[in-house]
Amino acid sequence: MSPPVPAAARDRLRIAIQKSGRLADAARALLASCGLSWRESRDRLFCYGESLPVDLLLVRDDDIPGLIADGVCDLGVVGRNVLLEQDRERRAAQRAPAFREWRALGFGACRLALAVPDTWTWQDARQLEGKRIATSYPALLSEWLAAQGLAADVVQLSGSVEIAPRLGQADAICDLVSSGATLAANQLKPVLTLLESEAVLAGPTGSFDDPRAELAELLLRRLDGALRIRNSKLLLFQASREAVPGLLPLLPDAEAPTVTRIDGSDGLALQALCHGAVTWQRLEELKRAGARGLLVLPVEGMLA
Ligand code: PRT
Ligand code: ZN
């Protein structure tokens, strides 16, 4: 039997993530790396938190800001593009802000870009004056046009924005781009970026005033640790005292290394947590500069 969905449980935290789609797997993996685990329910819309009182709700990404605004969910993982679009929609309707970005999560990167047909000779934004621009992000596009002092027709489409110019529905488009392949396949070229986006942890504008506050704080602490070590490695090696000053600048974005004297020799053992990429090339440079016995270890967790 599926566990019941508590109606207004204020001592459990409820996080909305995308049920399926580009952000679904990475969102779940990131939360799992914070030590969360869930009992799957059969309908797979609600997952009951087992290791901590943190439940998951699996939904469409577009529903996440509204669920936070309505207090149905406490937090959510959603693209910044979706969060800001819905925030601007609320503003345009003169409704109070109801959610905000709590953390950038480092995956799902893309940008909201203006693109025009390949055949246009692009000079500047004034070329958009009086044109029709198709988009699924009308609030963000309208805000940008107003800031530029441009008057253009915003043609709202819910999908397949890229084919709008070929169908004669619009002159240009404003859509999400990651590799740029979709634009190229539709004989369009990106000319301006309106927003750099990635997945974010969204939450209410204020803080919680019940046991959820402590849970949210715990989760954020773990999340910050997980994000900080996402590409980190622990580097261990030995070197002579004289070589150390030449070695330290070669450590890729390292925290202050621990340096220990090796008993019975004047060599030193060094241990450095590196947040930058520890490439083969970098290891070879370190070796040439006098590092010996280089060991690269994965980092599984960090609590500052
Ligand atoms: O079903 P549900 O409503 O939950 O999902 P969805 O279909 O609305 O969203 P989904 O899964 O497609 O995207 C979720 C989020 O992923 C977006 O809100 C963005 O924050 C992020 N993201 C990252 C992207 C892309 N990259 C992306 N490339 N979202 C969409 N695209 C689309 C874009 O719209 C265009 O059609 O991919 C195409 C362009 O890709 P390139 O690589 O050809 O440039
Ligand atoms: Zn969606």
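For every chain, the first residue of its written sequence is number 1, and the numbers climb from 1 along that sequence. Written order decides the labels, with chains lettered from A and ligands numbered from 1. Where local features are concerned, this predicted model is filtered to residues with pLDDT of at least 70; where side-chain atom pairs are given and counted, the filter is 80 or more; whole-chain, interface and lining totals use all residues. With hydrogens and water excluded, all non-hydrogen atoms of the structure serve as input to the side-chain values.

Undergrad: Tell me about the site of ligand 1, and name the residues and values.
TA: The local shell around ligand 1 holds 23 residues, among which Arg60, Asn81, Glu162, Ser179 and Thr182 are the closest. N or O atoms within 3.5 Å of each other form a polar contact, as long as, within protein, one can give a hydrogen and the other can take it, and as long as residues adjacent in sequence are counted only when both atoms are side-chain atoms. Between ligand 1 and the protein, one listed contact pairs an oxygen atom with a side-chain N or O atom of arginine 60 at 2.5 Å. One of the side-chain nitrogen or oxygen atoms of glutamate 162 is found 2.7 Å away from an oxygen atom of ligand 1. When the free accessible area of ligand 1 is taken as 840 Å², the share hidden by the protein chains comes to 78%. Space inside and on the surface of the protein is sampled on a 1 Å grid over the protein atoms alone, with a cavity defined as a set of points where a 1.4 Å probe fits but cannot get out and a pocket as an open set with protein on both sides within 12 Å along at least 5 of 7 lines; lining residues have an atom within 4 Å of a point. Placement in a cavity or pocket follows one criterion, namely that more than half of the molecule's atoms lie within 2 Å of its grid points. Taking a 2 Å distance to the grid points as the criterion, the majority of the atoms of ligand 1 fall inside the largest pocket. Element by element, the count of residues in the shell around ligand 1 is highest for strand S10 (residues 172-177), at 3 residues. Residues are grouped as follows: Ala, Val, Leu, Ile, Met, Phe, Trp, Tyr, Cys and Pro are nonpolar; Asp, Glu, Lys and Arg are charged; every other residue, Gly included, is polar. Looking at the shell around ligand 1 residue by residue, the class counts come to 7 nonpolar, 10 polar and 6 charged. Put simply, a residue is near a molecule or strand once any heavy atom of it comes within 4 Å of that molecule or strand. The protein chains shown are the only cover counted for residues, whose accessible areas, like all others here, come from Shrake-Rupley with a 1.4 Å probe. Helix and strand assignments come from DSSP, with helices taken as H or I runs of at least 4 residues and strands as E runs of at least 2, each series counted from the N terminus.

Undergrad: How would you explain the sheet that holds strand S2 (residues 38-39) if you had to name every residue and give the values?
TA: Strand order in the open sheet formed by 7 strands is S2-S3-S4-S1-S5-S12-S6, and the pairing between neighbours is mixed. Among the strands making up the open sheet, the edge pair consists of S2 and strand S6 (100-104). Seen against the sheet, helix H1 (residues 24-33) touches strand S1 (13-18), S2, strand S3 (46-49), strand S4 (54-59) and strand S5 (75-79) and runs at an angle of roughly 150° to S1. DSSP calls a pair of strands paired once it identifies at least 2 bridges connecting them. Whether two residues are in contact is decided by their heavy atoms, any of which lying within 4.5 Å being enough. Axis definition: a line fit to C-alpha positions, over the contact stretch in the case of helices; interaxial angles, taken between N-to-C directions, run 0 to 180 degrees.

Undergrad: Residue-level account of the domain arrangement of the protein chain, with values.
TA: All domain edges in this entry derive from an automatic or database-based domain assignment. The domain architecture assigned to the protein chain consists of domain 1 (13-108 + 199-228), domain 2 (110-196) and domain 3 (233-298). A straight line from the C-alpha centre of domain 2 to that of domain 3 covers 49 Å.

Undergrad: Outline the pattern of salt bridges, listing residues and values.
TA: Put simply, a salt bridge is a Lys or Arg side-chain nitrogen that is within 4 Å of an Asp or Glu carboxyl oxygen. Overall, the coordinates contain 18 salt bridges when judged by the stated rule. Ionic pairing is found between arginine 91 and aspartate 87, a salt bridge with its closest N-O pair at 3.6 Å. With arginine 91 and aspartate 87 both in helix H3 (residues 80-92), this residue pair falls 4 residues apart, about one helical turn. Only protein chains enter the area calculation, which uses a 1.4 Å probe; residues under 20% of their type maximum are buried, those over 50% are exposed, and those in between are partly exposed. With relative accessibility at 9%, the residue aspartate 87 sits in the buried group. Salt bridges linked by common partners bring Asp87, Arg88, Arg91 and Glu143 together as one network.

Undergrad: Can you break down unusual backbone geometry residue by residue, with the values?
TA: Located in the positive-phi region is glutamine 94, a residue other than glycine, with phi close to 55°. Here glutamine 94 is to be found in the loop between H3 and S6. Unlike most non-glycine residues, glutamine 187 shows phi in positive territory, near 55°. By secondary structure assignment, the location of glutamine 187 is in the loop between helix H5 (181-185) and strand S11 (188-197). Owing to a relative accessible area of 42%, glutamine 187 belongs among the partly exposed residues under this scheme.

Undergrad: Any details on the environment of leucine 67? Residues and values, ideally.
TA: Among the secondary structure elements, leucine 67 is positioned in helix H2 (residues 64-69). The exposure class assigned to leucine 67 is buried, which follows from its relative accessible area of 17%. The sequence separation of leucine 67 and alanine 243 amounts to 176 residues, and the corresponding C-alpha distance is 57 Å. Excluding residues within four positions of it along the chain, leucine 67 makes contact with Ala16, Leu57, Val59, Val72 and Cys73.

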